[in-house]
Amino acid sequence: MSAPRPQPGILEITPYVGGASKVAGVENVLKLSSNENPAGPSPRAVAALKAAAEDMHRYPSTDHAGLRNALGARYGLDADRIFCGVGSDEVLMLLCQAYAGPGDEVIHTEHGFSLYPICALAQGAQPVAVKEQDRVADVDAILAAVTSRTKIVFLANPNNPTGTMVSDPEIARLIAGLPGDVLLVLDGAYAEFVEGFDGGAAFVEKHQNVVMTRTFSKLFGLGGLRVGWGYGPADVIGVLNRIRQPFNMSAPALAAAEAALDDVDWVEETLAENVRNRDWLAAELAKVGVPSDPSHANFILARFADEAEAAACDEYLKQNGIIVRAMGSYNLGYCLRITIGTKADCTRVAEAIAAFKADRA
Ligand SMILES: *Cc1c(COP(=O)(O)O)cnc(C)c1O
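All figures in this text were calculated on a predicted structure; none of them were measured in a lab.

Rules used throughout
- Residues numbered from 1 in each chain as written.
- Predicted model: local features only at pLDDT ≥ 70, side-chain atom pairs only at ≥ 80, totals over all residues.
- Heavy atoms only, no water.
- Helix = DSSP H or I, 4+ residues; strand = E, 2+ residues; numbered from the N terminus.
- Rg over C-alpha atoms; globule rule 2.2 N^0.38 Å.
- Buried < 20%, exposed > 50% of the residue type's maximum accessible area, 1.4 Å probe, protein only.
- Contact = heavy atoms within 4.5 Å.
- Areas by Shrake-Rupley, 256 points an atom, 1.4 Å probe, with all protein chains shown as cover.
- Lys, Arg positive; Asp, Glu negative; His and termini not counted.
- Charge placed at Lys NZ, Arg CZ, Asp CG, Glu CD.
- Pairing = 2+ DSSP bridges.
- Expected span 1.5 Å × (residues − 1).
- Arc of directions from axis to C-beta.
- Axes fitted to C-alpha atoms, helices over the stretch in contact; angles between N-to-C directions.
- Parallel < 35°, antiparallel > 145°, perpendicular 65-115°, else oblique.
- Nonpolar A, V, L, I, M, F, W, Y, C, P; charged D, E, K, R; others polar.
- Polar contact = N/O pair within 3.5 Å; in protein donor to acceptor, adjacent residues only side chain to side chain.
- Near = heavy atom within 4 Å.
- 1 Å grid on protein atoms, 1.4 Å probe; cavity = no way out; pocket = protein on both sides within 12 Å on 5 of 7 lines; lining within 4 Å.
- Sits in = over half its atoms within 2 Å of the grid points.
- Points joined across faces, edges and corners; volume = space filled by probe spheres on them.

Caption draft 1: Representation of the overall build of the protein chain. From N to C terminus, the protein chain includes twelve helices and 14 strands. Taken over the C-alpha trace, the protein chain has a radius of gyration of 21 Å; the compact-globule value for 361 residues is 21 Å, and the two agree within 12%. Counting only C-alpha atoms and orienting by the principal axes, one finds that the protein chain spans roughly 60 × 55 × 50 Å. Here the protein chain holds 361 residues, and 53% of them are scored as buried. Of the contacts made within the protein chain by residues no fewer than 6 positions apart, 74% connect residues no fewer than 24 positions apart. Approximately 16100 Å² of the protein chain is accessible, and the part contributed by carbon and sulfur atoms is 53%. The distance from the centre of the 31 positive side-chain charges to the centre of the 44 negative ones in the protein chain is 3 Å.

And the structure:
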């Protein structure tokens, strides 16, 4: 019997599993599993979305000029070299589609975002996982893994799920060591959470093989709308624009993103609240014997004695209506990733983990 067969690599993909949002039989569930903004979206974004609904019979803009110009003005970037995607996921996927294929290698770090190997395999390319040093990306190990087949290096900075960062001098060293035909993708999904950090934009300005990706899903609270963007050399952006769908971004999503970007006070408040609650939660957990690396994002990676303890704590939290992210699929089974919620959310999860630890003492 013959049957349709997908392209090589596709059946090797382990489908992405998102953060859970329900626990059977438990009410008042607190979801801290997807690094969403606990404050929800900016009210201005909601208003823009509602207003755009009236025009949803119209096709959206194909050039995304409104949002690109707003991003360019806000971050001091050349709007002509900004690319908008259906979440930064689409930008990452299109970069792989354009620059990697069968026989090629795509490097990501050991505990890098799990979409990277999916993007590589979807194009028939081989994902190559490179060891980290104590949950921090290791530039020397990345450079040592580069071969003549390497086409792309994905590096999230700060990284998800570790929350750790690589310094600008280290990124500069990575770029200096990479062959010019290898594309370095700096994934800045959490860049806004780091004060004074440009997400790698300055490196994009200086090099023909560096691209930065960003998103409205995390800080800006628009995960459900799917808006991301990339910034790169003109050639790379020109390539992405050739292969994307002409109407990839919906008009309501573009309008809401522009409004969210404009709500500067709301963003500042969210950032301050995140830092306060993150530092508080990390300190509370450390007190009960659950340490974490200093996080540069809106989550912490809590470390437990071993996989069994992390799994037991995950289960205990679930029974108490709190959903965090188990890390087995990242080879971090001894950890749980906890999104920073409101002060009340953080208090609830801190108390539950303290009670769990006390029960076992
Ligand atoms: C959440 C996340 C993304 C993707 O976000 P989109 O919702 O697709 O914009 C990309 N990279 C990392 C590291 C993330 O955590």
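Caption draft 2: Local environment of the pairing of strand S2 (residues 82-85). Burial along S2 is two-sided: the residues Ile82 and Cys84 and Phe83 and Gly85 are all buried. Judged from the four bridges that link them, S2 and strand S10 (residues 228-231) form a sheet pairing that is antiparallel. What sits directly across from Cys84, in S10, is Trp229.

Caption draft 3: Just helix H12 (residues 343-360), in detail. Its 18 residues give H12 an end-to-end C-alpha distance of 26 Å, which sits within 8% of 26 Å, the value for a rise of 1.5 Å per residue. Within H12, the full set of buried residues consists of Asp345, Cys346, Val349, Ala350, Ala352, Ile353, Phe356 and Lys357. Down the axis of H12, the sector holding all buried residues measures 160 degrees, keeping them to one side. Residues of H12 that are exposed and point over 90 degrees away from its buried face: Ala344, Glu351, Ala358 and Asp359. At its buried positions, H12 is contacted by strand S1 (30-31), helix H10 (264-287), helix H11 (307-319), strand S12 (322-323) and strand S14 (335-339).

Caption draft 4: A look at H10. In this model H10 runs 35 Å from its N-terminal to its C-terminal C-alpha over 24 residues, within 8% of the 34 Å that 1.5 Å per residue would give. Regarding H10, the residues found buried are Trp266, Val267, Thr270, Leu271, Asn274, Asn277, Arg278, Leu281 and Leu285. The first or second residue beyond H10 is Gly289, which carries a positive phi of 85 degrees.

Caption draft 5: Structural context of the packing of helix H3 (residues 87-99) against helix H8 (residues 234-243). Running from N to C, H3 and H8 point in directions that differ by 95 degrees, and their axes come no closer than 10 Å. For the element pair H3 / H8, the angle class is roughly perpendicular. Along its contact with H3, which presents Val91, Leu94, Leu95, Gln97, Ala98 and Tyr99, the element H8 presents Asp235, Val236, Val239, Leu240 and Ile243. Each residue belonging to the contact of H3 with H8 can be placed in one class, and the counts come to nine nonpolar, one polar and one charged.

Caption draft 6: Examining the environment of Ser34 more closely. Here Ser34 shows up in the loop between S1 and helix H1 (43-53). Sequence separation between Ser34 and Gly223 is 189 residues; the distance between their C-alpha atoms is 9.3 Å. Sequence-distant contacts of Ser34, that is, excluding residues within four places in its chain, are made with Gly19, Lys218, Arg325, Arg337 and Thr339. A polar contact of 3.4 Å, which involves the side chain of Ser34, links it to the side chain of Lys31.

Caption draft 7: A look at the site of the ligand. If you check the shell around the ligand, you find Gly87, Ser88, Asp89, Phe113, Asn160, Asp187, Ala189, Tyr190, Thr215, Ser217, Lys218 and Arg226 and nothing else. In the environment of the ligand, an oxygen atom lies 2.7 Å from a nitrogen or oxygen atom belonging to the side chain of Asn160. Tyr190 is positioned such that a nitrogen or oxygen atom in its side chain is 2.7 Å from an oxygen atom of the ligand. Within the complex, the protein chains bury 94% of what would otherwise be the 390 Å² of accessible surface of the ligand. With respect to the pocket detection grid, the ligand is positioned in the second largest pocket. Looking at the shell around the ligand, the element that brings in the most residues is H3, giving three residues.

Caption draft 8: Quick look at empty space enclosed by the protein. Per the stated rule, a full pass over the model turns up two cavities of 30 Å³ or more. The space that makes up the largest cavity amounts to roughly 50 Å³. Together, Thr109, Glu132, Arg135, Val136, Ala137, Leu155, Ala156, Asn159, Thr162, Thr164 and Val166 line the largest cavity. Mapped onto the lining of the largest cavity, the elements with two or more residues apiece are strand S6 (136-137) and strand S7 (150-156). A volume near 40 Å³ is recorded for the second largest cavity. Lining the second largest cavity are Asn157, Asp168, Ile171, Leu186, Phe197, Gly199, Gly200 and Phe203. Class assignment for the residues of the lining of the second largest cavity results in four nonpolar, three polar and one charged.

Purely geometric numbers; function is a separate question.
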